[in-house]
Amino acid sequence: MDLKNKIRVIPDFPEPGIRFKDITTLLQDGESFKYAIDKMAEFARNQNAEIVAGPEARGFVLAAPLAYAMGLGFVPIRKAGKLPGDTVSVSYELEYGKDMLEIHRDAIKPGQRVIIADDLLATGGTIKSTVRLVEELGGVVAGITFMIELSYLPGREKLNGYEVFSLVQY
Ligand code: 5GP
């Protein structure tokens, strides 16, 4: 199935010079959305995943149906101050400034095999922070899956040593 064809590229969003990969056009096509989740589930099953985690907000859109499709639990990773329970946090550099991600301290058990899902791998900063949170709780990152990989950026290098799977590459 041609998923790339369903992704809309929007020039100069959110700022001039950036060609934003808009996945909403893929998500609104039921057949493509199902195919994408099924492919991710195939990858995740091969990694013997036990639980699925995803960063807000677009990571939720993929990680939650992926968990459901596999009959596994879903763990949300959120921006600072959103999770109500006891959390572990990590801050990371953005192009301009810093951001912080958090996970509930009791969300993942030591040794549990975790699949991480997000929409897009660019520099890898976001997903590396997610990996750090999972590992800080003693989780084992069994695999990382994306809808889109920007292969002209060094995201995959940052994830050296991990099983990385993407559906569409630019
Ligand atoms: P990174 O941290 O790898 O540099 O950036 C990836 C994160 O930024 C992802 O969580 C993703 O949601 C967001 N992102 C950056 N560029 C794009 C884009 O062109 N399209 C979409 N859908 N998300 C993007």
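Residues numbered from 1 in each chain as written. Predicted model: local features only at pLDDT ≥ 70, side-chain atom pairs only at ≥ 80, totals over all residues. Heavy atoms only, no water.

Let us look at the pattern of salt bridges. A complete count under the given rule lists 9 salt bridges for this structure. In this structure, the salt-bridge partner of D99 is K79, at a minimum N-O distance of 4.0 Å. Residue D99 is found in strand 6 (residues 98-104), and its partner K79 is found in strand 4 (residues 73-79); the two are separated by 20 residues along the sequence. Given the relative accessible area of 30%, K79 is considered partly exposed. Two residues, E149 and R156, come together in a salt bridge whose shortest N-O distance is 2.8 Å. (Salt bridge = Lys/Arg side-chain N within 4 Å of Asp/Glu carboxyl O. Helix = DSSP H or I, 4+ residues; strand = E, 2+ residues; numbered from the N terminus. Buried < 20%, exposed > 50% of the residue type's maximum accessible area, 1.4 Å probe, protein only.)

This paragraph deals with the packing of helix 2 (residues 30-46) against helix 3 (residues 58-70). Interaxial distance between helix 2 and helix 3 falls to 9 Å at its minimum, and their mutual angle equals 65°. Where helix 2 crosses over helix 3, the two elements pack in a sense that is right-handed. Between helix 2, through F33, I37, M40, A41, A44 and R45, and helix 3, the contact on the second element is made entirely by V61, L62, P65, L66, A69 and M70. Partitioned by chemical class, the residues of the contact of helix 2 with helix 3 number 11 nonpolar, no polar and 1 charged. (Axes fitted to C-alpha atoms, helices over the stretch in contact; angles between N-to-C directions. Left-handed = near helix turned anticlockwise from the far one by under 90°. Contact = heavy atoms within 4.5 Å. Nonpolar A, V, L, I, M, F, W, Y, C, P; charged D, E, K, R; others polar.)

The full count for this structure, using the stated rule, is 3 aromatic pairs. Taking the centre distance of 5.1 Å and the plane angle of 15° together, the rings of F43 and F165 count as stacked. Of the two residues, F43 is situated in helix 2 and F165 in strand 9 (residues 164-169); the sequence distance between them amounts to 122 residues. Consider the rings of F60 and F74, whose centres lie 5.7 Å apart with planes at 85°: the pair is edge-to-face. In this pair, F60 sits in helix 3 while F74 sits in strand 4, placing the two residues 14 residues apart along the sequence. Relative accessible area serves as the criterion here: at 23%, F60 is assigned to the partly exposed category. Judged by relative accessible area, F74 falls into the partly exposed class, the value being 31%. Over the ring of Y170 we find K4; its NZ or CZ atom is 4.6 Å from the centre of that ring. If you follow K21 out to its NZ or CZ, it ends over the ring of Y170, 5.1 Å from the centre. (Phe/Tyr/Trp six-rings, centres within 6.5 Å; stacked < 30°, edge-to-face > 60°. Lys NZ or Arg CZ within 6 Å of the ring centre and 35° of its normal.)

The next point concerns the site of the ligand. The ligand sits among F20, K21, R58, D118, D119, L120, A122, T123, G124, G125 and T126. The separation between an oxygen atom of the ligand and a polar side-chain atom of R58 is 3.0 Å. Look at the ligand: alone it shows 500 Å² of surface, and the protein chains cover 81% of it. In terms of residue count, strand 7 (residues 113-121) provides more of the shell around the ligand than any other element does, 3 residues in total. Residues belonging to the shell around the ligand are distributed by class as follows: 3 nonpolar, 4 polar and 4 charged. (Near = heavy atom within 4 Å. Polar contact = N/O pair within 3.5 Å; in protein donor to acceptor, adjacent residues only side chain to side chain. Areas by Shrake-Rupley, 256 points an atom, 1.4 Å probe, with all protein chains shown as cover.)

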